[in-house]
Amino acid sequence: MEELDGEPAVTVIPGVNSKKNQMCFDWGPGEMLVCETSFSKKEKSEMVPSCPFIYIIRKDVDVYSQILRKLFNESHGIFLGLQRIDEELTGKSRKSHGRQFSSQVRGVTFVVLASLCPHQFIEVGWSLLPAGHLLLHLLDWVRLHVCEVDSLSADVLGSENPSNHDSFWNLVTILVLQGRLDEARQMLSKEADASPASAGICRIMGDLMRTMPILSPGNTQTLTELELKWQHWHEECERYLQDSTFATNPHLESLLKIMLGDEAALLEQKELLSNWYHFLVTRLLYSNPTVKPIDLHYYAQSSLDLFLGGESSPEPLDNILLAAFEFDIHQVIKECSIALSNWWFVAHLTDLLDHCKLLQSHNLYFGSNMREFLLLEYASGLFAHPSLWQLGVDYFDYCPKLGRVSLELHIERIPLNTEQKALKVLRICEQRQMTEQVRSICKILAMKAVRNNRLGSALSWSIRAKDAAFATLVSDRFLRDYCERGCFSDLDLIDNLGPAMMLSDRLTFLGKYREFHRMYGEKRFADAASLLLSLMTSGIAPRSFWMTLLTDALPLLEQKQVIFSAEQTYELMQCLEDLTSRRPVRGESDIQQLQDEDIETTKVEMLRLALARNLARAIIREGSLEGS
């Protein structure tokens, strides 16, 4: 796996002329933007104004397939089940559960294959199979990938006279090639019924098919017994061929040669075999049914050579299968990574083999082992999809070295289109204690809420993000909104800030100022006056809001009962003087500014008068109390 690969294949983008103009591109997490520039590739060229198109090149486009989404969702559950029991199992129990999960993966793949082209997935994992049953699994594999025979059978049997159908003998031959001899016998019975002259030889051929020894899962016979029975059966077939028993019927004679494993007869059926690995399995079935796994790659290579006959070169799929038949797991993973259009197969295969201790995984030069690298690539591809990214989170969780870092990088790029999706992302981050990501998401949501003038939601998100600066900004908006409207919005939120109001001074002021209004509404004037004064003298209240606070003190100063003591009144006077003495001196002003200044002056005069009267009343009251 460490050797250098060849040059990657060139991807042609329709409409882009890279020979004429220089290209501009920019990488993204799941796609690349490509466009033509205004610069020609010629040495002396002028910039020509143009309006180039922008092309979006996506990787892992398979995640957008509706059919493959079934596969991704089902295999995700199997993956999680395997990870969760991993720590509880060791030794033989680990391998037995590996077979169990392998069969589950095959089952899921089979369901998806019902809607897919038969050559999109390759099952590799013979080392997980029980010894002696290799051929049975190979036959199942062929039946899964060469499934046109079922539609052909329905077509033939649905005709008025099946034995006279144009595809009758093709169907019988395909059934024999796939080892479905019981079905082939049933078809031959149709021929015997329709043609009494050939009934005898059809019966003989049917008996040969019925007596062919095959090791079945429930059979207790040993491999040695099977080989002896198969040898006697093979000799019987040989005698029928030498006696020219089927010479009168070329179709039956061809079937007999196939059952004898005659390579020339098999190669005559190239069109029905469709591919070399179908040829391989049929060849093994009728020439060496007890083949050992260790010998499989010899038959595979010779079958490929015989089937292609030098007319064409092997395809990427062929290289994958050859590596699988050689039990070269690393080569299988490498070839699949190159040939397949997504990382689903190699990621799950590597994970399964790693848990069964069948993969001698080595560390890669960038710090991760092969299993983790492939899982990271697969999970990254899932994050390119608007909903499958949730599956990718779990795959990142089970990558111990780089999984968390990768998840942090990918989750920041998820577009938060709706608040529901944002809450889902936020919950994932909080469960994994991803503090920075939680803060970032809350800031984004708070900013969106501010743009939409939803101040309550913005304040809630800023508190959740523990962002003091943004909480201050939102609190200022609340205060400005109060000054314009004369009342607070989102009272429930402000009334229930609790300890969260300590996040920033401005938020503390907002909460306490609302508390002042609540006290005033409850006619707790003394408490309200003390709180109002403390807000100004403690420095929590912004100076720009002092005039509003002093104006709020006016009704308390005008109460029949003295609310502010003499000392408190002096403090209010000091605040008013500080505020008026620091007002900037303005130059020429427009009419609106002059009107505002007049209003401000009127307020100051009213406050001074109210404070002076309250001071006098407070001194008289306090003096009379001391005298009594």
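All figures in this text were calculated on a predicted structure; none of them were measured in a lab.

A. Region of the structure containing the overall build of the protein. Helices and strands together make up the secondary structure of the protein, namely 29 helices and three strands. Here the protein holds 628 residues, and the buried ones make up 44% of them. Within the protein, counting contacts between residues at least 6 apart in sequence, those at least 24 apart form 60% of the total. Put simply, the protein shows about 34,100 Å² of open surface, and 52% of that area lies on carbon and sulfur atoms.

B. Spotlight on the nonpolar core. With 100 residues, the main nonpolar core has Y513 and L549 as its most contacted residues. When residues of this core are sorted by domain, at least three fall in each of domain 3 (416-511) and domain 4 (523-581 + 593-627). Once residues within four sequence positions are removed from consideration, L549 is found in contact with F509, Y513, L532, M536 and A541. L139, I174, L177 and F307 belong to the second largest nonpolar core, which has 62 residues in total.

C. Local environment of the pattern of salt bridges. A full pass over the atoms with the stated rule returns 19 salt bridges. In this structure, the salt-bridge partner of R185 is D182, at a minimum N-O distance of 3.3 Å. One end of the pair, R185, and the other, D182, are both in helix α6 (residues 181-194), three residues apart, so they sit about a helical turn from each other. For R185, a relative accessible area of 29% corresponds to the partly exposed category. Between R371 and D354 there is a salt bridge; the shortest N-O distance is 4.0 Å. Of the two residues, R371 is situated in helix α17 (residues 370-382) and D354 in helix α16 (residues 344-355); the sequence distance between them amounts to 17 residues. Classification of R371 as buried rests on a relative accessible area of 7%. Overlapping salt bridges, with partners in common, bring together D150, R180 and E183 in one network.

D. Just helix α12 (residues 276-287), in detail. End to end, α12 covers 16 Å across 12 residues, agreeing with the expected 16 Å (1.5 Å per residue, within 8%). Of the residues making up α12, those classed as buried are W276, Y277, H278, F279, L280, V281, T282, R283, L284, L285 and Y286.

E. Just helix α4 (residues 148-157), in detail. By the burial criterion, the buried members of α4 are V149, L152, S153 and V156. When α4 is viewed along its axis, its buried side chains cluster within an angular range of 105 degrees and face the same direction. Residues S151 and A154 are exposed on α4 and point more than 90 degrees away from its buried face. The inward-facing, buried residues of α4 contact α5 (168-177) and α6.

F. Structural detail: the packing of α5 against helix α9 (residues 250-259). Packing of α5 against α9 leaves a shortest axis separation of 10 Å and a crossing angle of 10 degrees. In terms of orientation, α5 and α9 fall into the roughly parallel class. Across the interface between the two elements, W169, V172, T173, V176 and L177 of α5 pack against H251, L252, L255, I258 and M259 of α9.

G. Main features of the environment of Q221. If you trace the backbone, Q221 turns up in the loop between α7 (199-211) and α8 (223-242). Since its relative accessible area comes to 13%, Q221 is described here as buried. Leaving out residues up to four positions away in the same chain, Q221 has contacts with I214, L215, L226 and K229.

H. Structural detail: unusual backbone geometry. One non-glycine residue with positive phi stands out, namely S244, at about 55 degrees. Within the secondary structure, S244 is located in the loop between α8 and α9. A positive phi angle, near 65 degrees, is found at K523, a position not held by glycine. Tracing the sequence through the fold places K523 in the loop between α25 (505-521) and α26 (525-537).

I. Focus on the packing of aromatic side chains. Overall, the coordinates contain 15 aromatic pairs when judged by the stated rule. Residues Y378 and Y395 carry aromatic rings whose centres are separated by 5.0 Å and whose planes lie at 90 degrees to one another, so their mutual orientation is edge-to-face. Residue Y378 is located in helix α17, and its partner Y395 is located in helix α18 (residues 389-397); the two are separated by 17 residues in the primary sequence. Members of the aromatic cluster, joined through ring pairs, are F72, F79, Y378, Y395 and Y398. Sitting above the plane of the F307 ring, K270 keeps its charged end 5.3 Å from the centroid.

J. Representation of the environment of L266. Mapped onto the elements of the fold, L266 is located in helix α10 (residues 263-267). Separated by 17 residues in sequence, L266 and R283 have C-alpha atoms that sit 7.7 Å apart.

K. Here's a closer look at the state of the cysteines. Under the defined criterion, the tally for this structure stands at zero disulfides. Take C442: it sits in no disulfide, and the sulfur closest to it among the cysteines is that of C429, at 9.3 Å. Given the relative accessible area of 0%, C442 is considered buried.

L. Seen up close, the environment of D476. Inspection of the secondary structure assignment puts D476 in helix α23 (residues 468-485). A sequence separation of 66 residues divides D476 from P542, and the C-alpha atoms of the two residues are 9.4 Å apart.

M. Main features of the confidence of the model for the protein. When the pLDDT values of the protein are averaged, the result is 78; 77% of them are 70 or greater. In this model, residues 105-131 is a region of pLDDT below 50 whose contacts with residues beyond four sequence positions or in other chains number 62 contacts.

N. Spatial organisation of the packing of helix α21 (residues 435-451) against helix α22 (residues 455-465). Where α21 contacts α22, the two axes come as close as 8 Å, and the packing angle between them is 165 degrees. For the element pair α21 / α22, the angle class is roughly antiparallel. Considering how the two elements wind past one another, α21 and α22 form a crossing that is left-handed. Within the contact between the two elements, α21 uses R439, C442, K443, L445, A446, A449 and V450 and α22 uses S457, A458, W461, S462, R464 and A465. Partitioning the contact of α21 with α22 into residue classes produces eight nonpolar, two polar and three charged.

About the thresholds
Residue positions within a chain follow its written sequence, with the count starting from 1. Owing to the predicted nature of the model, reporting of local features is limited to residues with pLDDT of at least 70; listing and counting of side-chain atom pairs is limited to 80 or more, with chain, interface and lining totals taken over all residues. Only hydrogens and water are set aside; all other atoms, that is, all heavy atoms of the structure, feed into the side-chain values. Secondary structure elements are defined from DSSP: runs of H or I of at least 4 residues count as helices, runs of E of at least 2 residues count as strands, and each element is numbered from the N terminus. Each residue is placed in one exposure class: buried if its accessible area under a 1.4 Å probe, protein chains only, is under 20% of its type's maximum, exposed if it is over 50%, and partly exposed if it falls in between. In this analysis, two residues are considered to be in contact whenever any of their non-hydrogen atoms come within 4.5 Å of each other. Reported accessibility uses the Shrake-Rupley method at a 1.4 Å probe radius. Residues are deemed covered only where the shown protein chains occlude them. Buried residues of nine kinds, namely Ala, Val, Leu, Ile, Met, Phe, Trp, Tyr and Cys, make up a nonpolar core once their side-chain atoms join them within 4.5 Å. Just so you know, the domain bounds were taken from an automatic or database domain assignment. Definition used for salt bridges: Asp or Glu carboxyl oxygen within 4 Å of a side-chain nitrogen of Lys or Arg. A helix is expected to reach a length of 1.5 Å times the quantity of its residues less one. What the arc describes is the spread of directions from the helix axis to the C-beta atoms. Interaxial angle, 0 to 180 degrees, is taken between N-to-C directions of lines fitted to C-alpha atoms, where a helix line uses only the stretch in contact. Oblique is the label for every angle not falling under 35 degrees (roughly parallel), over 145 degrees (roughly antiparallel), or within 65 to 115 degrees (roughly perpendicular). Planes of paired rings set the category: under 30 degrees apart is stacked, over 60 is edge-to-face and the rest tilted, where pairs are Phe, Tyr or Trp rings (Trp by its six-membered ring) whose centres lie within 6.5 Å. By definition here, charges over rings are those cases where NZ of Lys or CZ of Arg is within 6 Å of the ring centre and within 35 degrees of the ring normal. A pair of sulfur atoms, both from cysteines and within 2.5 Å, is called a disulfide here. The predictor attaches a confidence to each residue, called pLDDT, with possible values from 0 through 100. It is the rotation of the near helix from the far one that decides the hand of a crossing: anticlockwise by less than a right angle makes it left-handed, clockwise makes it right-handed. The nonpolar class holds Ala, Val, Leu, Ile, Met, Phe, Trp, Tyr, Cys and Pro. Asp, Glu, Lys and Arg form the charged class, and all remaining residues, Gly among them, are polar.

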